[in-house]
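# Structural characterization, general
The lines below spell out each chain.
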Amino acid sequence: MAAATWCYRGDSEAEQPALLVRFSNGRLQHSDSLQFTVYRNKDKAHPRKKHRRILVSETERLSYVGNNFSSGVLKCNSLCRYFVGVLDKDSGQMEVHNAEIFNMQPLLSDNLIADDSREYQNKSYREKMDLCIEAFGTSKQKRALSTRRLNAVGSDVVSTAVSKAAASVIDAKGVTALIQDVTQEDTQNISPFLPPCNEDAEKPEHVYKFEDILSPAEYEALRVPAAAFVNITAEELAKKTEEKSHCSFVLEQLKLLPDDGKSRDHRARCLWFLDTLVKFSCLKMIRKKHPMGPDCPHTISRKLMKNFTSLTYNKGSVQNFISASMKAKITAYVIALALHINSFQTDLTVLQNDLKLPESRVLDIARAMRLRISNAKGLPGLQEDQKHKLGRLSLPLPVQKAAEGRRKRRRIT
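Owing to the predicted nature of the structure, the values given are computational and were not obtained by experimental measurement.

## Let's talk about the packing of aromatic side chains
Any aromatic ring pair is given by two values, namely how distant the centres are and how the planes are angled relative to each other. Taken as a whole and assessed by the stated rule, the structure comprises 3 aromatic pairs. The ring centre of Phe 308 lies 5.6 Å from the NZ or CZ of Lys 329, which sits over that ring.

Okay, here's the thing in C-alpha cells:
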C-alpha cells in the first residue's frame, strides 16, 4: 500500500475514537510539547481498511510511529474496549468517548533525509513494489517478500558454487573426456535394466544366456500352459489371429513352429512366456495376486511380480506397479527372448507395436543391448508401406553409442 493512500484525519471526524498512546521505550517527562499527526486509509468502502490508522510523533531526538493494523499491534484492542472521559469543569458533566491504544515505537534510521528522487526513479518496478510492501504491506506479503529474497540469495550461492565446481571439473578432466562421458550417458541410464551381458562370449547365444531369462524351474513350469501352443491346429490359429488374442510376434511365430517334438515344445514355451511378458507390460497398477489369470503358473507369476514391478504406497497400502524403468526392462527381456527364438535376428518394429512403445525408445534399448540395426521391407506382421527395423546380434559386439537425436534426458523411475 503506497503512502499516498493515507491522509490527515482533521478535526471534522469527531465520530472517530480517541487515540491513547503508550511509548515502548519509557515514559515522557514533558508531554505538553509533543504533537501528533494521524493518517487514515482513504479506502472507506473496505470493511477492514477503513479503520486503519497511523499515528506519527516527533521529538527533538527521535521520531515515533504507531499503527493499529500491523503484526506488532497491541492485542488488548481486540480483547477489550477503552473509554476516555472529558470533564467540563463549568457544568460538572463528563462526556465519554471510545478510545484506542497505540503503541508508539521509535523509528531508528541512519539517514532520515528523504531519498534522492533520481535514485528512486532508477529503481525497477519490482524494487518499488518491494519498498511499498516493506512500509505498508500485510504480514503475509512481508513474509512472502522475505522468503523470495532468501531464495534469490540461495540461488545466487548455488549458481556460484556450481560454476566453480564445473570449472574445476573441466580443468581437471578436460573437455574431450566430458564429451565422451555425455555420449555414454543415455546407454548407462538403461543398462541396469538389461539382461546380464557376457561381452567375452564366443557365440551369439552366450551373450544373453537363456538361463538368465528363464531359470530351469521356470522353464519347467511353462510345460503345462505351453501345451496349447504345441497342439494348436490351423483352425485354432486362424481363430486366434482373427480375435488377436496374442501379440503379432507370437501369432506369426506360431505359423512357423517346427515339426520336431522337442524343438516344437521349446519354441512353444518361449512364445508363451514372451506373450505373457507383452501382456504384463500393458498393465499399470497390479491389483490382483495373480494378474495374468489362473492359467499362469505360480512360479511365473512370482517372477513377474518380483523382477518386473516396482513398489509404491497407494491408498494406505503397498502396491506393485509397472514404472517406466520396469517397462524398459520388460522390453529388453522380450528382445532377448525374441533373439533366441529367431536365430538372433528379430523384427524390432513388430515388437514395438506389440509393446505399444515409440520407435525411438525400442531402438535405444536395442542399441544398448549391442544390436546392429538395419532396415527391411516385406516382413510379416506389418502393413506393406510400413518400414521395418531389424535387430541382429552378432560378434564382435559393436561399441556402445549414445542414442541419436536425443537432446533431453529423461530419468527412469
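## Topic: the environment of Pro 297
Structurally, the position occupied by Pro 297 is in the loop between β8 (285-286) and α13 (298-307). In this structure the C-alpha to C-alpha distance between Pro 297 and Arg 223, which are 74 residues apart in sequence, comes to 9.8 Å. Non-local contacts of Pro 297, meaning those with residues more than four positions away in its chain, are made with Ala 221, Pro 225 and Trp 272.

## Considerations on a nonpolar patch on the surface
Taken together, Phe 83, Leu 87, Met 94 and Val 96 make up a surface patch of nonpolar side chains, about 430 Å² in accessible area. Among the elements of the structure, β6 (82-87) and β7 (94-106) are those that each provide at least two residues to the nonpolar patch. Judged by relative accessible area, Phe 83 falls into the partly exposed class, the value being 46%.

## Some words on the sheet that holds strand β13 (residues 388-392)
Strands sit in the order β11-β13-β12 across an open sheet of 3 strands; the sheet is antiparallel. Taken across any chain shown, the strands that pair with only one partner, and hence form the sheet edges, are β11 (345-347) and β12 (372-376). Strand-to-strand twist in this sheet, taken as the mean axis angle between neighbours without regard to direction, amounts to 30°. Summarising the sheet, β11 and β13 pair through 3 bridges and their orientation is antiparallel. Paired with Gln 345 across the two strands is Arg 392, which belongs to β13. Most of the contacts of helix α15 (residues 348-355) go to β11, to which it runs at about 50°, and overall it touches β11, β12 and β13.

## Thoughts on helix α3 (residues 125-136)
Here α3 is 12 residues long and its end C-alpha atoms lie 16 Å apart, about the 16 Å a rise of 1.5 Å per residue gives. Of the residues making up α3, those classed as buried are Asp 130, Ile 133 and Phe 136. Mapping the buried residues of α3 onto a view down its axis gives an arc of 155°, with all of them on the same face.

## Here we look at unusual backbone geometry
Excluding glycine, residues mostly have negative phi values, and the peptide bonds linking residues are mostly trans. Residue Pro 396 follows Leu 395 across a cis peptide bond; omega there is -5°. Within the secondary structure, Pro 396 sits in the segment after β13. Backbone geometry at Phe 344 places phi at a positive 65°, although glycine is not the residue there. Topologically, Phe 344 is positioned in the loop between α14 (324-341) and β11.

## Quick look at the confidence of the model for the chain
The predicted model of the chain has a mean per-residue pLDDT of 79, with 77% of residues at 70 or higher. Low pLDDT, under 50, characterises residues 1-12; the predicted model gives this stretch 32 contacts beyond four residues in sequence or across chains.

## Structural notes on the environment of Phe 229
In this structure, Phe 229 sits in helix α9 (residues 223-230). Sequence separation of Phe 229 and Asp 265 is 36 residues, and the distance between their C-alpha atoms is 8.3 Å. If we ignore the near neighbours within four places in the chain, the residues touching Phe 229 are His 246, Val 250, Leu 254, Leu 257, Arg 264, Ala 268, Leu 271 and Trp 272.

## A look at the side chain of His 388
Relative to the assigned elements, His 388 resides in strand β13. His 388 gets classed as buried once you look at its relative accessible area, which sits at 1%. Here Asp 347 takes part through its side chain, which lies 2.6 Å from a polar atom of the side chain of His 388.

## With respect to the packing of helix α12 (residues 261-281) against α14
A pair of packed helices is captured by two measures, namely the crossing angle of their axes and the spacing between those axes. Look at α12 against α14: their axes get within 10 Å of each other, and the N-to-C directions meet at 160°. If you check the angle between α12 and α14, you find them roughly antiparallel. Between α12 and α14 lies a crossing whose hand is left-handed. Judged by residue contacts, Arg 267, Cys 270, Leu 271, Phe 273, Leu 274, Leu 277, Val 278, Phe 280 and Ser 281 of α12 engage Lys 327, Ile 330, Tyr 333, Val 334, Leu 337, Ala 338 and Ile 341 from α14. Considering only residue class, the contact of α12 with α14 consists of 13 nonpolar, 1 polar and 2 charged.

## Comments concerning the nonpolar core
Phe 249, Leu 274, Ile 335 and Met 369 are the most contacted members of the largest nonpolar core, which totals 63 residues. Counting residues per element, the ones that place at least two in this core are α7 (210-213), α9, α11 (248-254), α12, α13, α14, α15 and α16 (359-368). For this core, the leading source of residues is α14, giving 12 residues. The residues touching Met 369, leaving out its near neighbours within four places in the chain, are Leu 194, Pro 195, Tyr 208, Ala 332, Ile 335, Ala 336 and Leu 393. Listed in part, the 7 residues of the second largest apolar core include Phe 23, Leu 34, Leu 55 and Met 104.

Rules used in this analysis
- Residues numbered from 1 in each chain as written.
- Predicted model: local features only at pLDDT ≥ 70, side-chain atom pairs only at ≥ 80, totals over all residues.
- Heavy atoms only, no water.
- Phe/Tyr/Trp six-rings, centres within 6.5 Å; stacked < 30°, edge-to-face > 60°.
- Lys NZ or Arg CZ within 6 Å of the ring centre and 35° of its normal.
- Helix = DSSP H or I, 4+ residues; strand = E, 2+ residues; numbered from the N terminus.
- Contact = heavy atoms within 4.5 Å.
- Patch = residues over 30% accessible without salt bridge, like charges linked within 9 Å, V, L, I, M, F, W, Y side chains within 5 Å.
- Areas by Shrake-Rupley, 256 points an atom, 1.4 Å probe, with all protein chains shown as cover.
- Salt bridge = Lys/Arg side-chain N within 4 Å of Asp/Glu carboxyl O.
- Buried < 20%, exposed > 50% of the residue type's maximum accessible area, 1.4 Å probe, protein only.
- Pairing = 2+ DSSP bridges.
- Axes fitted to C-alpha atoms, helices over the stretch in contact; angles between N-to-C directions.
- Expected span 1.5 Å × (residues − 1).
- Arc of directions from axis to C-beta.
- pLDDT = per-residue confidence, 0-100.
- Polar contact = N/O pair within 3.5 Å; in protein donor to acceptor, adjacent residues only side chain to side chain.
- Parallel < 35°, antiparallel > 145°, perpendicular 65-115°, else oblique.
- Left-handed = near helix turned anticlockwise from the far one by under 90°.
- Nonpolar A, V, L, I, M, F, W, Y, C, P; charged D, E, K, R; others polar.
- Core = buried A, V, L, I, M, F, W, Y, C linked by side-chain atoms within 4.5 Å.

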